[in-house]
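Breakdown of the fold
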Amino acid sequence: MNKLNLKKLLKKGGLIAPGAFNAASAMLIEKAGFPVVYISGAGLSNSSGRPDTGLLTLEETAVFSSYIINSVRIPAIVDADTGFGGPREVKRAVEVFEDIGAAAIQLEDQAGDKRCGHLAGKKIVSAKEFVAKIKAAVNARKSKGFLIIARTDAAAVSGLSDAVCRGRAYLEAGADIIFPEALASREEFAAFSRAVDAPLMANMTEFGKTPYMKADEFFRLGFSLVIFPMTAFRIAMHAAEDALAALHKKGTQKDMLGKMQTREELYKLLGYKPERKL
């Protein structure tokens, strides 16, 4: 399947990438008209019944991601957390994700015992240690069309100034996109954008440190790409919880049919045309 080129799309800017947690959700993202899909580490972990603490292995993440990548034509960004180890493991991760058709890999500078970027108590590695990972990623890729996204969690740990310094260092090390995580105000996003001359990515997650901002506002502040990593997952889980509670109480799903995707709608999404039997 020929993929649209993320590098070319990025030059135009104004990209919104909702998070997918399986192939079907990615297909809905593409159907809705979004140009990029974000394979959320939290989404993959949570849908596997595990917290977002880096418990998925490279092999598990690659298998889950391959289902998503192969289901759509739009480019996919894979959240690879801390890279599954040091520079050697990062090199292997780049090789794996590039081979399965990902458009980009995202790496973060948290320490090994990682946690959600919007929770307190995060720890980060030294900038020097993370620069080594970025260089390993850059050297491992076969094509410059495969992008390296460097996320820094420094703003919530050591302050915005350190986040800026790290963003510049990661860019110099070869990262294609810089991602400052968990900025807490419009002013911080604006200041980071002024200080770091690079393609920038923002995370507009729910229930976190970042105030609710429209994608257009991020774009005006100089960000090229905005992810909504868990929006679809949270909506789907809430709806499923309500439906199951109603089913348990009433013993029927009949009055919920209007809230469901129909059999025909699902088949159309999947491109499935069952033969009619007389």
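Note: the structure precedes this text.
Structure report, in brief. (Residues numbered from 1 in each chain as written. Predicted model: local features only at pLDDT ≥ 70, side-chain atom pairs only at ≥ 80, totals over all residues. Heavy atoms only, no water.)

What follows deals with a nonpolar patch on the surface. The grouping of Leu-266, Leu-270 and Tyr-272 at the surface amounts to a nonpolar patch, some 260 Å² of accessible area in total. Along the chain, Leu-266 falls in helix H11 (residues 263-270). (Patch = residues over 30% accessible without salt bridge, like charges linked within 9 Å, V, L, I, M, F, W, Y side chains within 5 Å. Areas by Shrake-Rupley, 256 points an atom, 1.4 Å probe, with all protein chains shown as cover. Salt bridge = Lys/Arg side-chain N within 4 Å of Asp/Glu carboxyl O. Helix = DSSP H or I, 4+ residues; strand = E, 2+ residues; numbered from the N terminus.)

Before going further, it helps to spend a moment on the pairing of strand S1 (residues 15-20). Of all 6 residues that make up S1, 5 are buried, and the element is covered over most of its length. Across 4 bridges, the pairing between S1 and strand S8 (residues 225-228) is parallel. Residue pairing across strands places Leu-15 opposite Leu-225, the latter belonging to S8. Here S1 pairs with strand S2 (residues 37-39) via 2 bridges, running parallel. Bridge pairing links Ala-20 to Ile-39 in S2. (Buried < 20%, exposed > 50% of the residue type's maximum accessible area, 1.4 Å probe, protein only. Pairing = 2+ DSSP bridges.)

Quick look at the environment of Ser-47 now. Examined against the element boundaries, Ser-47 turns out to sit in helix H3 (residues 41-47). According to the relative accessible area criterion, Ser-47 is partly exposed, its value standing at 40%. Sequence spacing of Ser-47 and Asn-22 is 25 residues, and the spatial spacing of their C-alpha atoms is 8.4 Å. When near neighbours in sequence (up to four residues on either side) are disregarded, Ser-47 contacts Phe-21 and Phe-233. In terms of polar contacts, Ser-47 uses its side chain to reach the backbone carbonyl oxygen of Gly-43, at 2.8 Å. A distance of 3.1 Å separates a polar atom in the side chain of Ser-47 from the backbone oxygen of Leu-44. (Contact = heavy atoms within 4.5 Å. Polar contact = N/O pair within 3.5 Å; in protein donor to acceptor, adjacent residues only side chain to side chain.)

Further remarks concern the environment of Asn-22. Residue position: Asn-22 is located in the loop between S1 and helix H2 (23-31). A relative accessible area of 34% means that Asn-22 is categorised as partly exposed. Along the backbone, Asn-22 and Ala-239 are 217 residues apart, and their C-alpha atoms lie at a distance of 17 Å.

Val-37, Phe-97, Ile-105, Ile-134, Ile-178, Phe-192 and Phe-218 are the most contacted members of the largest nonpolar core, which totals 58 residues. The dominant element in this core, judged by the number of residues it contributes, is helix H6 (residues 127-140), at 6 residues. (Core = buried A, V, L, I, M, F, W, Y, C linked by side-chain atoms within 4.5 Å.)

Before going further, it helps to spend a moment on the pairing of strand S6 (residues 177-180). Because side chains alternate across S6, one face comprises the buried residues Ile-177 and Phe-179, and the other comprises Ile-178 and Pro-180, equally buried. In terms of strand pairing, strand S5 (residues 147-152) meets S6 through 4 bridges, oriented parallel. Within the sheet, the bridge partner assigned to Thr-152 lies in S6 and is Pro-180. Viewed along the sheet, the connection from S5 through helix H7 (residues 160-172) into S6 turns out right-handed. (Right-handed = clockwise from strand over helix to strand, strands pointing away.)

Before going further, it helps to examine helix H5 (residues 87-99). For H5, built from 13 residues, the straight-helix expectation of 18 Å at 1.5 Å per residue is met to within 8% by its first-to-last C-alpha distance of 18 Å. Three or more residues of H5 are buried, namely Val-90, Ala-93, Val-94, Val-96, Phe-97 and Glu-98. In the core, the buried residues of H5 are packed alongside helix H4 (58-69), strand S3 (76-79), strand S4 (104-108) and H6. Two residues or fewer past H5, Gly-101 is found with a positive phi of approximately 100°. (Expected span 1.5 Å × (residues − 1).)

With respect to the helices, strands and loops of the structure, Ser-45 is situated in helix H3. Among the residues examined, Ser-45 registers a relative accessible area of 2% and is labelled buried. Apart from residues lying up to four places away in sequence, Ser-45 is in contact with Arg-50, Pro-51, Asp-52 and Leu-56.

If you walk across this open sheet you meet the 8 strands as S6-S5-S4-S3-S2-S1-S8-S7, and the pairing is parallel. Sheet topology places S6 and strand S7 (201-203) at the edges, where each strand pairs with a single neighbour. Taken pair by pair, the neighbouring strands of this sheet meet at an average axis angle of 25°, ignoring direction. Where S2 meets S3, 3 bridges bridge the pair, whose relative direction is parallel. Within the sheet, the bridge partner assigned to Tyr-38 lies in S3 and is Ile-77. Lying on the sheet, H4 is in contact with S1, S2 and S3; it crosses S3 at an angle near 165°. (Axes fitted to C-alpha atoms, helices over the stretch in contact; angles between N-to-C directions.)

Our focus in this paragraph is unusual backbone geometry. A positive phi angle, near 50°, is found at Asp-81, a position not held by glycine. Among the secondary structure elements, Asp-81 is positioned in the loop between S3 and H5. Owing to a relative accessible area of 11%, Asp-81 belongs among the buried residues under this scheme. Within the chain, Ala-182 stands out as a residue other than glycine whose phi angle is a positive 60°. Position of Ala-182 relative to the elements: it lies in the loop between S6 and helix H8 (186-195). Residue class for Ala-182 comes out buried when judged on its relative accessible area of 4%.

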